[in-house]
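# Chain and residue survey
This is what each chain is made of:
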Amino acid sequence: MGLMSVMADIWRSRSRSALTMSAVAIGIFSVTVISAAGQIGTAKINDSLDDMGVNSVLVEAQEAGVALSDSDIDALGRLSGVNGAMPLMAQVTKCELIESNVSCMVWGVNEKADEIISMKAIHGRLIDRSDLKKAENICVIDEEIALETYGRTNIVGKTVSVNFGGKYTDFTVIGVAESGLSPIQNMMNDAVPYFVYIPYTTAQNISGKSEYDKIAVLLDKSGDGETAIDRIKTCMANVKGEGSIKISELQSQKKQLDGILAAATSALSFTAGISLAVASVSVMTAMLVSVGERKREIGIKKSLGARNIRIVGEFLAESTMICIIGSIVGIAAGCAAAFVIGLAVGESFVMQTDIMLIAVAVSAVIGMISGSYPAYKAAKMKPVDALKM
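Residues numbered from 1 in each chain as written. Predicted model: local features only at pLDDT ≥ 70, side-chain atom pairs only at ≥ 80, totals over all residues. Heavy atoms only, no water.

### Some details on the overall build of the chain
Of regular secondary structure, the chain possesses 14 helices and ten strands. Every one of the 389 residues in the chain was classed for burial, and the buried ones make up 43%. Within the chain, contacts between residues separated by at least 24 positions form 79% of all contacts whose residues are at least 6 apart in sequence. (Helix = DSSP H or I, 4+ residues; strand = E, 2+ residues; numbered from the N terminus. Buried < 20%, exposed > 50% of the residue type's maximum accessible area, 1.4 Å probe, protein only. Contact = heavy atoms within 4.5 Å.)

This is how it looks when you write it as structure tokens:
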């Protein structure tokens with residue numbers, strides 16, 4: 001019994017076959033779309049978490065007399081699973097722009113700020129190495145400060161006066177950074193005001209410090225974040241002493257969120273899978289109707305010597321092929337819908353081949369199970385009774 005014979009049987013009752021395939025296709029479509037939506041949603045959330053600094057770790061002294069230095073930055077930067085480390089100077093203070101006086105957090109950073117704390121310049125530029133060497137009074141400000149004071153975001157070239165120890169120091173704005181949740185914002189326990197970024201060398205000169213307040217560490221996205229964090233904790237404990245350093249990170253929250261998303265996607269996929277059970281009933285019903293319509297044909301075949309196994313094979317092959325074709329249509333429609341969803345949220349969608357193969361295999365199994373009873377009924381039919389029809 002060849003494929004052409006099976007397709008001919010399907011084509012003979014094409015309207016019913018098409019409706020049965022549609023039931024299977026809808027079930028597979030639902031599972032595919034929900035699975036893809038979970039994948040896209042997880043990717044979108046992870047991207048947002050990355051922008052929020054989930055791949056960054058904030059290291060700071062927890063005990064008086066403990067200082068962070070260049071040697072600590074070098075030690076952290078050499079750790080496996082770490083992509084870089086950056087010194088941070090921090091101070092909550094006031095800044096003046098034209099006639100406005102606002103609270104702000106002044107951060108002393110280096111040229112790696114765009115990588116480690118996800119800064120993005122929307123006007124002007126960010127701090128570079130030459131700014132660090134010169135230790136000049138220049139700054140990058142949060143766009144929200146510009147909107148609050150000037151009513152626009154582009155205020156490159158304007159002057160910001162920052163209060164250090166009761167004395168205001170003027171800084172020239174060389175760039176405006178996009179507002180958003182950065183790691184240093186997320187890792188602050190208290191409410192964080194507006195942000196002003198200056199070269200850390202300038203911050204050291206003004207404060208008279210040679211050490212750093214904090215160190216921001218960027219983790220390798222492709223590595224095991226929790227293992228890298230353990231290495232950071234061990235490294236700092238060995239250098240500074242147990243309990244003297246505070247490590248702030250968001251990796252554990254990310255892992256928990258990923259687990260919640262995976263569980264939700266699985267639950268929704270299971271719910272969508274119920275439609276496949278409904279589809280199996282449709283397949284069984286269609287095949288029972290087909291058996292009733294083809295009684296005479298079955299009787300003739302059996303009277304000519306067709307064995308029961310052949311009759312069973314015909315109906316099983318037909319029900320299985322109906323489900324396979326339906327699953328392929330469902331997968332194609334699901335992938336198209338997932339692609340549109342990906343475009344809508346700005347995330348690429350890649351349907352995994354193994355998922356496609358599993359979907360087709362499950363459909364084939366459903367087809368065989370659903371067609372087994374009609375096939376058994378057809379095989380047990382007596383030629384004399386069948387030819388009476």
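The rest of the description comes next.
### Focus: the pairing of strand 1 (residues 56-61)
Strand residues, when the strand is regular, have side chains that alternate between the two faces of the sheet. Most of strand 1 sits out of view: five of its six residues are buried. Here five bridges tie strand 1 to strand 9 (residues 214-219), and the two strands are oriented antiparallel to one another. Paired with Glu60 across the strands is Lys214, a residue of strand 9. (Pairing = 2+ DSSP bridges.)

### A word on a nonpolar patch on the surface
Together, Phe270, Ile274 and Val278 give the surface a local cluster of nonpolar side chains, amounting to about 330 Å² of exposed area. Position of Val278 relative to the elements: it lies in helix 10 (residues 251-293). (Patch = residues over 30% accessible without salt bridge, like charges linked within 9 Å, V, L, I, M, F, W, Y side chains within 5 Å. Areas by Shrake-Rupley, 256 points an atom, 1.4 Å probe, with all protein chains shown as cover. Salt bridge = Lys/Arg side-chain N within 4 Å of Asp/Glu carboxyl O.)

### Notes on the nonpolar core
Where a protein is soluble and globular, its nonpolar side chains tend to be buried together. Residues Val59, Leu76, Val109, Ile141, Tyr197, Val217 and Ile232 are the most contacted members of the largest nonpolar core, which totals 62 residues. Discounting residues that sit within four places of it in the chain, Val109 has contacts with Met86, Pro87, Leu88, Ile117, Ile127, Leu132, Tyr197, Ile198, Pro199 and Tyr200. Formed by 24 residues, the second largest nonpolar core is a distinct cluster that contains Met321, Cys335, Ile366 and Ala375. (Core = buried A, V, L, I, M, F, W, Y, C linked by side-chain atoms within 4.5 Å.)

### Side note on the pattern of salt bridges
Following the criterion strictly, the structure yields six salt bridges and no others. Salt bridges here are not isolated pairs; linked through shared partners, they connect Arg125, Asp128 and Asp131.

### Here we look at the packing of aromatic side chains
Given two aromatic rings, one states the distance between the centres and the angle between the planes to describe the pair. All told, the structure shown has four aromatic pairs when counted by the stated rule. Centroid distance Phe195 to Tyr197: 5.9 Å. Interplanar angle 65°. Geometry classified as edge-to-face. Comparing Phe195 with Tyr197 shows no difference in burial state: the two are buried. (Phe/Tyr/Trp six-rings, centres within 6.5 Å; stacked < 30°, edge-to-face > 60°.)

### Thoughts on unusual backbone geometry
Located in the positive-phi region is Ala135, a residue other than glycine, with phi close to 50°. The topology assignment puts Ala135 in the loop between helix 5 (129-134) and strand 5 (138-142).

### What about the environment of Glu211?
In this fold, Glu211 is placed in the loop between helix 8 (200-207) and strand 9. Measuring from C-alpha to C-alpha, the distance between Glu211 and Leu68 comes to 5.6 Å, with 143 residues separating the pair along the chain. With residues up to four places along the chain from it excluded, the contact list for Glu211 reads Ala67, Leu68, Met89 and Gln204. A polar contact is formed between the side chain of Glu211 and the side chain of Ser210, at a distance of 3.5 Å. (Polar contact = N/O pair within 3.5 Å; in protein donor to acceptor, adjacent residues only side chain to side chain.)

### Topic: helix 3 (residues 70-77)
Because each turn of an α-helix spans 3.6 residues, side chains separated by three or four positions in sequence point in the same direction. Buried within helix 3 we find Asp72, Ile73, Ala75 and Leu76. Considered in projection along helix 3, the buried side chains sweep an arc of 165° and stay on one side of the axis. (Arc of directions from axis to C-beta.)

### Digging into the side chain of Thr201
Checked against the element boundaries, Thr201 lands in helix 8. Every residue in contact with Thr201, bar those within four places of it in the chain, is listed here: Asp131, Leu132 and Ala135.

### A closer look at the packing of helix 12 (residues 308-345) against helix 13 (residues 353-379)
Packing of helix 12 against helix 13 leaves a shortest axis separation of 7 Å and a crossing angle of 150°. Judged on the interaxial angle alone, helix 13 and helix 12 are roughly antiparallel. At the point where helix 12 passes helix 13, the crossing takes the right-handed sense. Its residues assigned to classes, the contact of helix 12 with helix 13 comprises 17 nonpolar, eight polar and no charged. (Axes fitted to C-alpha atoms, helices over the stretch in contact; angles between N-to-C directions. Parallel < 35°, antiparallel > 145°, perpendicular 65-115°, else oblique. Left-handed = near helix turned anticlockwise from the far one by under 90°. Nonpolar A, V, L, I, M, F, W, Y, C, P; charged D, E, K, R; others polar.)

### Topic: the pairing of strand 6 (residues 159-164)
With five of six residues buried, strand 6 lies mostly within the body of the structure. In the sheet, strand 6 pairs with strand 7 (residues 167-177) via six bridges, with the strands oriented antiparallel. Bridge assignment links Ser161 to a residue of strand 7, and that residue is Asp170.

### Re the packing of helix 3 against helix 9 (residues 225-240)
Between helix 3 and helix 9, the least distance of the axes is 10 Å, while the angle of their chain directions is 145°. The way helix 3 lies across helix 9 gives a crossing that is right-handed. Only Ile232, Cys235, Met236, Val239 and Lys240 of helix 9 make contact with helix 3, whose side of the interface consists of Asp72, Ala75 and Leu76. Taken together, the residues of the contact of helix 3 with helix 9 break down into six nonpolar, no polar and two charged.

### Let's talk about the side chain of Thr93
Topologically, Thr93 is positioned in strand 2 (residues 82-97). In terms of polar contacts, Thr93 uses its side chain to reach the backbone carbonyl oxygen of Asn163, at 2.4 Å. Leave out the neighbours within four places in its chain, and Thr93 touches Val102, Ser103, Cys104, Val106, Val162 and Asn163.

Keep in mind these values describe shape, not function.
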